[in-house]
Amino acid sequence: MTHVDSRGVATTAKLASHPIHPMLVPFPIALFIATFACDLAYWFTGGVFWAQAAIWALGAAILTAALAAGAGLTDFLGNRRIRAMSDAWQHMIGNVIVVVLALISFLIRYSYGAAEGVMPWGLLLSAVIAALLLFTGWKGGELVYHHRIGMHPEAPAEPASGAGTSGRLHA
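Residues numbered from 1 in each chain as written. Predicted model: local features only at pLDDT ≥ 70, side-chain atom pairs only at ≥ 80, totals over all residues. Heavy atoms only, no water.

**As for the overall build of the chain**
Okay, step 1: Each helix and strand in the chain was counted, giving six helices and two strands.
Okay, step 2: A total of 171 residues make up the chain; the buried ones form 37% of that total.
Okay, step 3: Across the chain, every contact between residues at least 6 apart in sequence was considered, and the portion connecting residues at least 24 apart equals 74%.
Okay, step 4: Split by element, the accessible area of the chain, about 10,200 Å² in all, is 71% carbon and sulfur. (Helix = DSSP H or I, 4+ residues; strand = E, 2+ residues; numbered from the N terminus. Buried < 20%, exposed > 50% of the residue type's maximum accessible area, 1.4 Å probe, protein only. Contact = heavy atoms within 4.5 Å. Areas by Shrake-Rupley, 256 points an atom, 1.4 Å probe, with all protein chains shown as cover.)

This is how it looks when you write it as structure tokens:
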């Protein structure tokens, strides 16, 4: 069993002492999942609206993923303790694969047209991206909740009950 420093591991990319990477990751995740949902809707209905919504969601996912990746890479390169963690490498490599697959999917859709690009490759790539996001999200959760990446290093972990030393709850 490895020792976990309960004080946490500082991140490099911060805004008013808050880590930026966790603030940005919900956007590409939601947009990649929205792309998959729109692809499924197109597959079931044949409605071109869904194919067009998918390409817009995918483009926005790629742009927001680039922002999140910039903050994540800053944290990764800025702290040797983070680079020493296998979970950090798996999280990063998995997300790089997600973005590469998303770029391929976007190029297919853009080249052949939104609707023509969905079947079969757009849908297949969206499904693979969604599955990879489950893995990379799990690894990201491990980094935060197990390795305490982004937790304030100077602050000790709060008691599970939320009670302070006086026994009163903090607001």
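On we go from here.
**Some words on a nonpolar patch on the surface**
Okay, step 1: Together, Trp43, Phe44 and Met119 line one region of the surface with nonpolar side chains, adding up to about 380 Å² of accessible area.
Okay, step 2: Its place among the elements puts phenylalanine 44 in helix H2 (residues 26-45).
Okay, step 3: In this structure phenylalanine 44 comes out as exposed when scored by relative accessible area, which is 66%. (Patch = residues over 30% accessible without salt bridge, like charges linked within 9 Å, V, L, I, M, F, W, Y side chains within 5 Å. Salt bridge = Lys/Arg side-chain N within 4 Å of Asp/Glu carboxyl O.)

**Looking at H2**
Okay, step 1: Relative to the 28 Å expected for 20 residues at 1.5 Å per residue, H2 spans 28 Å between its end C-alpha atoms, a close match to the ideal helical length.
Okay, step 2: Restricting attention to buried positions, one finds in H2 the residues Pro28, Phe32, Thr35, Cys38, Asp39, Ala41 and Tyr42.
Okay, step 3: On its buried face, H2 sits against helix H1 (21-24), helix H3 (48-78), helix H5 (86-112) and helix H6 (118-146).
Okay, step 4: Glycine 46 sits one or two positions beyond H2 and adopts a positive phi of about 75°. (Expected span 1.5 Å × (residues − 1).)

**So, the packing of aromatic side chains**
Okay, step 1: For the structure shown, the criterion picks out five aromatic pairs.
Okay, step 2: Ring geometry for phenylalanine 76 versus tryptophan 89: centroids 4.8 Å apart, planes at 85°, classification edge-to-face. In this pair, phenylalanine 76 is assigned in helix H3 and tryptophan 89 in helix H5, connecting sequence segments 13 residues apart.
Okay, step 3: For phenylalanine 76, a relative accessible area of 6% corresponds to the buried category.
Okay, step 4: Ring centres 6.2 Å apart and planes at 10° place the aromatic pair phenylalanine 106 and tyrosine 110 in the stacked group. Of this pair, phenylalanine 106 and tyrosine 110 are both found in helix H5, four residues apart, which corresponds to roughly one turn of the helix.
Okay, step 5: For tyrosine 110, a relative accessible area of 62% corresponds to the exposed category.
Okay, step 6: In this structure, lysine 139 packs its charged tip against the face of tryptophan 138, placed 4.5 Å from the ring centre. (Phe/Tyr/Trp six-rings, centres within 6.5 Å; stacked < 30°, edge-to-face > 60°. Lys NZ or Arg CZ within 6 Å of the ring centre and 35° of its normal.)

**Examining the packing of H5 against H6**
Okay, step 1: Axis separation between H5 and H6 bottoms out at 9 Å; the angle between their running directions is 160°. The angle between H5 and H6 places the two elements in the roughly antiparallel class. Viewed along their axes, H5 and H6 form a crossing whose handedness is left-handed.
Okay, step 2: The residue makeup of the contact of H5 with H6, split by class, is 17 nonpolar, nine polar and four charged. (Axes fitted to C-alpha atoms, helices over the stretch in contact; angles between N-to-C directions. Parallel < 35°, antiparallel > 145°, perpendicular 65-115°, else oblique. Left-handed = near helix turned anticlockwise from the far one by under 90°. Nonpolar A, V, L, I, M, F, W, Y, C, P; charged D, E, K, R; others polar.)

**Details of the side chain of arginine 109**
Okay, step 1: Its location among the elements puts arginine 109 in helix H5.
Okay, step 2: Judged by relative accessible area, arginine 109 falls into the buried class, the value being 1%.
Okay, step 3: Not counting residues within four places of it along the chain, the set of residues in contact with arginine 109 comprises Thr35, Asp39, Ala54, Ile55, Leu58, Ala114, Gly117, Val118, Gly122, Leu123 and Ser126.

**Focus on the layout of surface pockets**
To find the voids left in a structure, one rolls a probe of water-molecule size over its atoms.
Okay, step 1: In this structure, the largest pocket encloses a volume near 810 Å³.
Okay, step 2: Taken together, 33 residues form the lining of the largest pocket, with His21, Val25, Gly72, His91 and Asn95 sitting closest to its centre.
Okay, step 3: Listed by contribution, the elements that provide at least two residues to the lining of the largest pocket are H1, H2, H3, H5 and H6.
Okay, step 4: For the lining of the largest pocket, the element with the highest residue contribution is H6, accounting for eight residues.
Okay, step 5: By residue class, the composition of the lining of the largest pocket is 22 nonpolar, 10 polar and one charged. (1 Å grid on protein atoms, 1.4 Å probe; cavity = no way out; pocket = protein on both sides within 12 Å on 5 of 7 lines; lining within 4 Å. Points joined across faces, edges and corners; volume = space filled by probe spheres on them.)

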